[in-house]
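The chain contents come next:
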Amino acid sequence: MDLLPSEEQLELLSAASEFLTDQQPIRTLRDRAGQDCAVDRAQWAAGCDIGLLTLGLAEEYGGSGRPLDDEALLFRELGGQLAPGPYIAGALGARVAAACGDAQLAARIGSGEEWVGLAELRGDGEIGPDRVKGTFDLVDAADCDHLLLVTEEGAALLPPPAAEQVTRVEAIDPGTRLATTTLAATEPTHWVPAETERLADRALVLSAAMLAGLAEATSELATEHAATREQFGRPIGVNQAVKHACVDMAVRAEAAVSQALFASVSVSSARQDVRFQLLAAKSVAGRAAIDNAASCIQLHGGMGFTAEHDTHLYLKRAHVLDHLFAEPADVLAELLTQGAAQ
Amino acid sequence: MDLDFTEDQLDFRERVRTWLAENKPRDPRPDDPQGVREFDLAWQRTQWEGGWAGISWPAEYGGRGATLAEQLIWYEEYAAHGLPSIDACFVGQSHAGPTLITRASAEQKSFHLPRILRGEDIWCQGFSEPDAGSDLASLRTKAVVDGDELIVTGQKVWTSFAASADYQELLVRTDDSGTKHKGITWTVCDMHSPGIEVRPIRTMEGGAEFCEVFYDEVRIPLSNVVGGLGNGWSVAMSTLAFERGTAFTASQVHLARIVEDLIDYARDHVGPDRRRPAIADDEIARRLARARADVAALRAMTYVGICRSMQSDTPGPKGSMLKLHYADLHKDVSALAMEIVGPEALRRGADRHEQGWVGNYLHSFSSSIGGGTSEIQRNIIGDRVLGLPR
Ligand SMILES: Cc1cc2nc3c(=O)[nH]c(=O)nc-3n(C[C@H](O)[C@H](O)[C@H](O)COP(=O)(O)OP(=O)(O)OC[C@H]3O[C@@H](n4cnc5c(N)ncnc54)[C@H](O)[C@@H]3O)c2cc1C
């Protein structure tokens, strides 16, 4: 057993992290506020160049063929840096293309030439190999070339609806673009049944990893602030009210990251209780990300309530990710139906 | 002990109800500083003309001079009518005004108090600075006496409504030779004075309701100082207590409305199983019921506090318990709403004045920071109410 990142993994991560801090610092979220896409096309392609979407994709499809725990570590980084853009949809979209044997599409998605946005079914509808219909939230799907839909039964790629069928909605998070659309029966261009590959499981790993990364980032931000901000002639962190709040955040982050990694390894090692582990990861990470962001705001005082400081961006992103791929209430309900952990 | 109101008080409630129903503003409150200013002042003027302005102010200063019970009734009815919180007029009404009443000279009172009541001026509070928030007494904005003027240089921050305000209650340091609580001076500052620059700061809920205020050699007549040079700390403290007086009733009634609105929402909207209404979900139902119970207790606490104030003039440190408990409940209820609305939580939706649940949630973060953080309230309660060793 080894749940710690290897030297090689750490190197890979530091490259990604450097790219994000240099090329897509958090301030870009504010700079691009009024734009259709949360991320610039050239920037997106540059991220694809260093393999941000294709780390786990087989080499024959242009990927790096790394195990899922590598991807979990990468997405934890993307989450913690509030990276804008449809990363999960892109990574899974390339996988759907690959699983369908469409090497060309996998390559175009992996290189950033074609974009994949996410569609989340809201209310009644249908997602299957022959047709997709219903009302969907479109997440970071502006200007995209494909829509990704993920269910327990399988995953699909669809052509995006015409612009006039899409209604834009202001998202809670300034780094996420949201829209809604109602699709009449549409046939997917690609379909991967769960028996071939469980993309829903990978989606849970990647979203839990991003949430865990968010929880970690706000924990670090708050601890740093507590150590440097002075009131009453001493750093505010000397007060137990502040110190204990920081400690609670660190514990929540550690729990979230550990469980997200445990879940990622559970998928690759095909553990029997994999579903249990995934659901636990999503639930723990979702709550940690929201609670830590809320504490982080509180510990920043007046500054925490501003739009200029980053703290609220973490809170808002956490709420978005918490509702992707599985509703928090559904995660808990399903977790209870599972047998005990192995 | 009893919960009965007298005939007179019941009659008072009737009159408040009728007047509010007939006179409350019908238009939505604008979002821009100028619009907010005009809207809030117009509503203040209406209250003045109706004889309701300055509900807690003594009659000799033009106020209504209402008893504590009547104030409670006024604020309950006010909030029950879904009226806008007094926002831009808050500092003038409930902070600077009462400070002037307790500490200002006859001349200062006769100039400012009628203007506040008649809805002519907006006031803001210039206390916090970048390095002086919880530790307010360490403030550094400097004022030097020059003839019959103060020359002020420095910076304030998080000043709500500074962009709409005419006057500011300003705390400055006139002497830094002694301990930090000494050498602070409370002065009225004309916000239109040369040398003042106001920069609005956007908040996480999207509005621009607070500001940074920069002072570059701003000249303020010495006659604007209230309570004498160097006595500003005690002047400021004489009214911090007002923030937790009866005016707080409105927030509590407002929170009770939020809970009831949320219960209605949970009845009318589908819940986590996508079939039945949200309220059919056991966990949601219990948490909503608990919120109802907690808010009921918050009202009882308010009543007890008011009864206590009836017996002694100064609202004691127990007022901090109300503020703390309110902040906790407001945040809990608002976070619960985010769970009940499910994926609707992704949508920014209507602004908080229209009671969007997302807007309400984002707004709730201010309740444990503004007016003194919850950590500081806990310190105050631990020290002054419980008498724990420091
Ligand atoms: C919406 C809003 C409106 C406001 N309006 C005004 C206004 O009109 N005028 C004005 O002057 N100010 C205003 N404020 C400022 C407000 O009073 C301050 O933000 C508040 O007092 C906290 O100060 P700070 O922001 O410097 O935080 P800090 O004092 O730096 O606090 C940071 C964190 O440390 C904690 N902390 C600090 N000291 C201690 C301690 N001894 N023990 C335990 N914990 C501690 C705090 O609780 C907080 O969590 C407003 C703030 C908000 C959010």
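Residues numbered from 1 in each chain as written. Chains lettered and ligands numbered in written order. Predicted model: local features only at pLDDT ≥ 70, side-chain atom pairs only at ≥ 80, totals over all residues. Heavy atoms only, no water.

1. A closer look at the site of the ligand
The following threshold applies: Think of it this way: one heavy atom of a residue within 4 Å of a molecule or strand is enough to make that residue near it. Between N or O atoms, a polar contact is any pair within 3.5 Å; within protein, one atom must be a potential hydrogen donor and the other a potential acceptor, and residues adjacent in sequence are included only when both atoms are from side chains. The method behind every accessible area is Shrake-Rupley, applied with a 1.4 Å probe, and residues are considered shielded solely by the protein chains displayed.
The immediate surroundings of the ligand are formed by 29 residues, with A:Arg229, A:Gly302, B:Ser134, B:Trp158 and B:Thr373 found nearest. Near the ligand, residues from chains A and B are present, making the site a shared one. Contact between the ligand and B:Ser134: an oxygen atom at 2.6 Å from a side-chain N or O atom of the residue. Burial of the ligand by the protein amounts to 91% of the accessible area it has alone, namely 970 Å².

2. A few points about the pattern of salt bridges
Using the following cut-off: Counted as salt bridges are all cases of a side-chain nitrogen of Lys or Arg within 4 Å of a carboxyl oxygen of Asp or Glu. For helices the rule is a DSSP run of H or I covering at least 4 residues; for strands it is a run of E covering at least 2, with both sets numbered from the N terminus onward. A 1.4 Å probe rolled over the protein chains alone gives each residue an accessible area, and that area as a share of the maximum for its type sets the label: buried under 20%, exposed over 50%, partly exposed in between.
For the coordinates displayed, the defined rule picks out 48 salt bridges over all chains. Put simply, B:Lys156 and B:Glu129 hold a salt bridge, and the shortest N to O gap is 2.9 Å. Here B:Lys156 is found in strand E3 (residues 149-160), whereas its partner B:Glu129 is found in the loop between strand E1 (123-126) and strand E2 (142-146), with 27 residues between them in sequence. Summarising the burial analysis for this pair, B:Lys156 and B:Glu129 share the class buried. What emerges from the salt-bridge pattern is a single network uniting A:Glu152, A:Arg198, A:Asp201, A:Arg275 and A:Glu334.

3. Considerations on the domain arrangement of chain B
Residues and elements named next belong to chain B. Which entries qualify depends on this criterion: Domains are outlined according to an automatic or database domain assignment. It only takes one pair of heavy atoms within 4.5 Å for two residues to be counted as in contact. By definition, the buried area sums, over both parts, the 1.4 Å-probe accessible area that each loses when the two are put together. Under the grouping applied here, Gly and all other residues not named as nonpolar or charged are polar, the nonpolar ones being Ala, Val, Leu, Ile, Met, Phe, Trp, Tyr, Cys and Pro and the charged ones Asp, Glu, Lys and Arg.
Domain boundaries in chain B define domain 1 (7-117), domain 2 (123-230) and domain 3 (244-385). Distance from the C-alpha centre of domain 2 to the C-alpha centre of domain 3: 32 Å. Between domain 2 and domain 3, the contact holds 4 residues from the first and 9 residues from the second. Interface area lost by domain 2 to domain 3 is led by Ser 134, Met 204 and Glu 205, which between them contribute 87%. Joining domain 2 to domain 3, the criterion identifies 0 salt bridges. Across the side of domain 2 that touches domain 3, the residue classes break down as 1 nonpolar, 1 polar and 2 charged.

4. Let's talk about the packing of helix H7 (residues 248-268) of chain B against helix H8 (residues 282-311) of chain B
Packed helix pairs are specified by the crossing angle of their axes together with the interaxial distance, meaning the distance between the axes. Residues and elements named next belong to chain B. Applied cut-off: Here the axes come from fitting lines to C-alpha atoms, over the contacting stretch only for helices, and the angles between their N-to-C directions go from 0 to 180 degrees. Each angle gets one of four labels, with under 35 degrees taken as roughly parallel, over 145 as roughly antiparallel, 65 to 115 as roughly perpendicular, and the rest as oblique. By the definition used in this description, the sense in which the near helix is turned from the far one sets the handedness, with an anticlockwise turn below a right angle giving left-handed and a clockwise turn giving right-handed.
Their axes nearest at 10 Å, the elements H7 and H8 cross at an angle of 165°. It follows that H7 is roughly antiparallel to H8 by the angle criterion. Seen along the crossing, H7 lies across H8 with a hand that is left-handed. From H7, Thr 249, Gln 252, Leu 255, Ala 256, Val 259, Glu 260, Leu 262, Ile 263 and Ala 266 reach across to H8, where they touch Leu 288, Ala 291, Arg 292, Val 295, Leu 298, Arg 299, Thr 302 and Ile 306. Split into classes, the residues belonging to the contact of H7 with H8 amount to 11 nonpolar, 3 polar and 3 charged.

5. Points about the interface of chain B and chain A
Across the contact, 38 residues belong to chain B and 34 residues belong to chain A. Roughly 3100 Å² of surface becomes buried between chain B and chain A when both sides are summed, with 62% attributable to carbon and sulfur atoms. In terms of surface lost to chain A, no three residues of chain B exceed B:Met204, B:Leu346 and B:Arg347, which account for 24% of the buried area on that side. Between the two partners, chain B and chain A, sit 4 salt bridges. Taken together, the links from chain B to chain A amount to 17 residue pairs in polar contact (both at pLDDT 80 or more). Contributing elements (two or more residues each) for the side of chain B that touches chain A: strand E6 (196-201), helix H9 (319-340), helix H10 (357-364) and helix H11 (374-385) of chain B. Per element, the largest residue contribution to the side of chain B that touches chain A is 4 residues, and it comes from H10(B). Across the side of chain B that touches chain A, the residue classes break down as 17 nonpolar, 10 polar and 11 charged.

6. As for the side chain of B:Asp135
Following the sequence through the fold, B:Asp135 ends up in the loop between E1 and E2. From its side chain, B:Asp135 meets the backbone nitrogen of A:Phe232 in a polar contact 2.8 Å long. Discounting chain neighbours no more than four positions away, the residues touching B:Asp135 are A:Gln231, A:Phe232, A:Gly233 and B:Lys180.

7. Quick word on unusual backbone geometry
Positive phi values are uncommon outside glycine, yet A:Asp140 reaches one of about 50°. Although it is not a glycine, B:Phe161 sits at a positive phi angle of roughly 60°. For B:Phe161, a relative accessible area of 11% corresponds to the buried category.

8. Considerations on the packing of aromatic side chains
Residue and element names in this part refer to chain A. For clarity, the cut-off: Pairing of aromatic rings covers Phe, Tyr and the six-membered ring of Trp, with a centre-to-centre limit of 6.5 Å; geometry is then stacked below 30 degrees between planes, edge-to-face above 60, and tilted otherwise.
Taken as a whole and assessed by the stated rule, the structure comprises 13 aromatic pairs over all chains. Ring geometry for Trp 44 against Trp 115: centres 5.3 Å apart, planes inclined by 45°, an arrangement best described as tilted. You can see Trp 44 sitting in helix H3 (residues 41-49) and its partner Trp 115 sitting in the loop between helix H6 (103-110) and strand E1 (116-127), a full 71 residues away along the chain. Trp 44 gets classed as buried once you look at its relative accessible area, which sits at 2%.

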